[in-house]
Amino acid sequence: MVNPYTWDAIGETVNQNVSLKPEPGYATFIGLVLIPSFVIGISNGDSAVALFLNDKFVLLTEHQPKNPPIGSGAARLAPFSARLDQRWKLLLMSDGVWKYIGWETIIWRCAAHSGQTLISNLRDVAIKNTGGTLLDDFSVILIESCA
């Protein structure tokens, strides 16, 4: 699963299968494999994968295209990869997270918090910034190193 051609095939399969739905809407896709010292994947849309590696921030999905979207039958997907060493956090998030919190705040909160505390803290900031209610999908997956 670390072969980039495998990810191209997975992305194309997802795109074609979603396009078979009567009204696929605007879908986003992040697929990745995480092994002890490496992450590799592919993405499309406006969700994000952010890596905090040794207190350094890297937006792995920075070059992913939003359009054409997954399900259009013509989606383009961008590969990403990173070597993982020492302490790291990997955040997979919907646009309802980064859009309403902002990258600077996400970076600061990730440096200060871990685990469920980090996720709860991000959600609280999003709610505060949107007047007490979430205006968009808020989905976060956090994976952290044990070291």
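In what follows, the structure referred to is the one given above.
Calculation criteria
- Residues numbered from 1 in each chain as written.
- Predicted model: local features only at pLDDT ≥ 70, side-chain atom pairs only at ≥ 80, totals over all residues.
- Heavy atoms only, no water.
- Axes fitted to C-alpha atoms, helices over the stretch in contact; angles between N-to-C directions.
- Helix = DSSP H or I, 4+ residues; strand = E, 2+ residues; numbered from the N terminus.
- Parallel < 35°, antiparallel > 145°, perpendicular 65-115°, else oblique.
- Left-handed = near helix turned anticlockwise from the far one by under 90°.
- Contact = heavy atoms within 4.5 Å.
- Nonpolar A, V, L, I, M, F, W, Y, C, P; charged D, E, K, R; others polar.
- Expected span 1.5 Å × (residues − 1).
- Buried < 20%, exposed > 50% of the residue type's maximum accessible area, 1.4 Å probe, protein only.
- Arc of directions from axis to C-beta.

**Re the packing of helix α3 (residues 103-112) against helix α4 (residues 115-129)**
Then, in step 1: Contact geometry of α3 with α4 gives a least axis separation of 10 Å together with a crossing angle of 150 degrees. Between α3 and α4, the angle falls in the class roughly antiparallel. Note on packing geometry: the crossing formed by α3 with α4 is right-handed. Counting all contacts with α3, which are made through Thr105, Ile106, Arg109 and Cys110, the residues of α4 involved are Leu118, Asn121, Leu122 and Val125.
Then, in step 2: A per-class count over the contact of α3 with α4 returns 5 nonpolar, 2 polar and 1 charged.

**Let's talk about α4**
Then, in step 1: Here α4 is 15 residues long and its end C-alpha atoms lie 22 Å apart, about the 21 Å a rise of 1.5 Å per residue gives.
Then, in step 2: Regarding α4, the residues found buried are Leu118, Ile119, Asn121, Leu122, Val125 and Ala126. Buried residues of α4 fall within an arc of 160 degrees about the axis and therefore sit on the same side. Across from the buried face of α4, at angles greater than 90 degrees, the exposed residues are Gln116, Asp124 and Lys128.
Then, in step 3: If you follow the buried residues of α4, they end up packed against β6 (88-93), α2 (95-101), α3 and β7 (140-144).
Then, in step 4: Downstream of α4 by a residue or two, Gly131 has a phi angle that is positive, lying close to 80 degrees.

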